[in-house]
Amino acid sequence: MRTEAPKEFTRILSRLNDDGYVVVEAPHHYDDLKNLAGKLGRVSCETEVRVFGATDSYVRGASEIPLHNDNVFEVRYVGLYCVAQDPRSGATQIVDVSRLKSQLPAEVLWELSKIKIPISKPGFNFNSRPFEPLVLNVDDDTPFHYTPEFELNEPFRREHPAVRILFEEVGAIARDSTISIRLEAGQSLLFDNWRVLHARPRLSDNSIRHLKRFWIDSGIAYQTPDKDGGNNAFRA
């Protein structure tokens with residue numbers, strides 16, 4: 001759902017609850033968006049999302065970023081503010097997967113809960129990411145991690161049939177209900193990180209696309225495990 005400048009918090013919160021996302025189209029300043037977002041929770045981890053040349057970082061490279069959510073046990077909402085847009089591309093793709101967890105068989109959720117995956121977090125470089133459970137709780141509405149590597153790492157899907165089922169279910173939903181949102185400078189997107197997966201097509205190596213991203217805390221009390229723990233096929 002699209003709305004006007006960030007003046008009416010109640011209306012924007014309603015759109016987040018109803019649709020899982022809201023686009024603020026009327027031009028506004030980044031600080032306006034942050035002030036509004038602060039009413040949802042504590043704003044953290046402000047990041048410049050732009051192409052910085054050769055890098056292992058998803059948000060700083062030009063490569064396509066497959067569907068994923070961001071550090072989901074700690075982040076409830078994600079804000080994206082457009083500073084500059086690529087004239088040829090740069091859309092953000094979102095998919096609502098709010099019903100997915102309730103649709104997965106109990107045995108699949110149980111298997112997913114035993115798998116740990118590497119999660120990108122502030123303070124950890126790409127090759128030393130900590131590992132967290134793919135599913136935190138199987139019996140409630142807490143979210144699950146969904147990482148780009150589910151698409152990029154086909155051997156991992158072969159090794160873990162439950163991950164393959166999850167990947168195929170998300171793919172089926174995405175084929176029917178992907179929404180593409182191309183922000184212009186001065187516009188912003190807020191979305192529910194527990195409910196919405198997001199992605200981005202490949203950019204050119206010299207793309208001028210520049211977003212500011214921030215996270216809003218989830219309120220889940222979760223202690224990140226040691227980076228060497230867990231059952232994980234991603235590890236070399």
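Here the structure is shown first, and the text comes after it.
Procedures and definitions
- Residues numbered from 1 in each chain as written.
- Predicted model: local features only at pLDDT ≥ 70, side-chain atom pairs only at ≥ 80, totals over all residues.
- Heavy atoms only, no water.
- Buried < 20%, exposed > 50% of the residue type's maximum accessible area, 1.4 Å probe, protein only.
- Helix = DSSP H or I, 4+ residues; strand = E, 2+ residues; numbered from the N terminus.
- Arc of directions from axis to C-beta.
- Core = buried A, V, L, I, M, F, W, Y, C linked by side-chain atoms within 4.5 Å.
- Phe/Tyr/Trp six-rings, centres within 6.5 Å; stacked < 30°, edge-to-face > 60°.
- Lys NZ or Arg CZ within 6 Å of the ring centre and 35° of its normal.
- Lys, Arg positive; Asp, Glu negative; His and termini not counted.
- Salt bridge = Lys/Arg side-chain N within 4 Å of Asp/Glu carboxyl O.
- Polar contact = N/O pair within 3.5 Å; in protein donor to acceptor, adjacent residues only side chain to side chain.

Peer 1: Outline helix α1 (residues 9-19), listing residues and values.
Peer 2: Among the residues making up α1, those that are buried are Phe9, Ile12, Arg15 and Leu16. Along the axis of α1, the buried residues cluster in a sector spanning 125°; they form a single face. Taken from the residues just after α1, Gly20 is the one with a positive phi, measuring 85°.

Peer 1: How would you explain the nonpolar core if you had to name every residue and give the values?
Peer 2: If you look at the biggest cluster of nonpolar residues, it comprises 25 residues, and the most contacted ones within it are Leu112, Leu134 and Leu166. Listing elements by their share of this core, those giving two or more residues are α4 (106-113), α7 (161-177) and β11 (196-200). At six residues, the largest contribution of residues to this core is made by α7. Counting 16 residues, the second-largest nonpolar core is a separate cluster that includes Tyr21, Val49, Val59 and Ile94.

Peer 1: Tell me what's going on with helix α2 (residues 30-37), and back it up with residues and numbers.
Peer 2: Looking only at α2, the buried set comprises Tyr30, Leu33, Leu36 and Ala37. For α2, the angular spread of buried residues about the axis comes to 130°, placing them on one side.

Peer 1: Explain the packing of aromatic side chains to me, using residue names and the numbers behind them.
Peer 2: Under the definition given, this model contains four aromatic pairs. The interplanar angle of 55° and the centroid separation of 5.7 Å between the aromatic rings of Tyr30 and Tyr81 together place this pair among those described as tilted. With Tyr30 in helix α2 and Tyr81 in strand β5 (residues 75-84), this residue pair connects regions lying 51 residues apart in the sequence. The class for Tyr30 is buried, based on a relative accessible area of 12%. Their ring planes at 80° and their centres at 5.0 Å tell us that Tyr146 and Phe150 sit as a pair that is edge-to-face. In this pair, the class of Tyr146 matches that of Phe150, namely buried. A connected cluster of aromatic rings, assembled from ring pairs, spans Tyr30, Tyr81 and Phe214. Between Arg76 and the ring centre of Trp194, over which it is positioned, the NZ or CZ distance is 4.3 Å.

Peer 1: Lay out the side chain of Arg209 in plain terms, naming residues and giving numbers.
Peer 2: Among the secondary structure elements, Arg209 is positioned in the loop between β11 and β12 (210-217). As a buried residue without a salt bridge, Arg209 has its nearest oppositely charged side chain in Asp86, at a separation of 7.2 Å. Of the polar contacts made by the side chain of Arg209, one reaches the side chain of Thr92; its length is 3.3 Å.

These results come straight from atomic positions and should not be treated as a statement about function.
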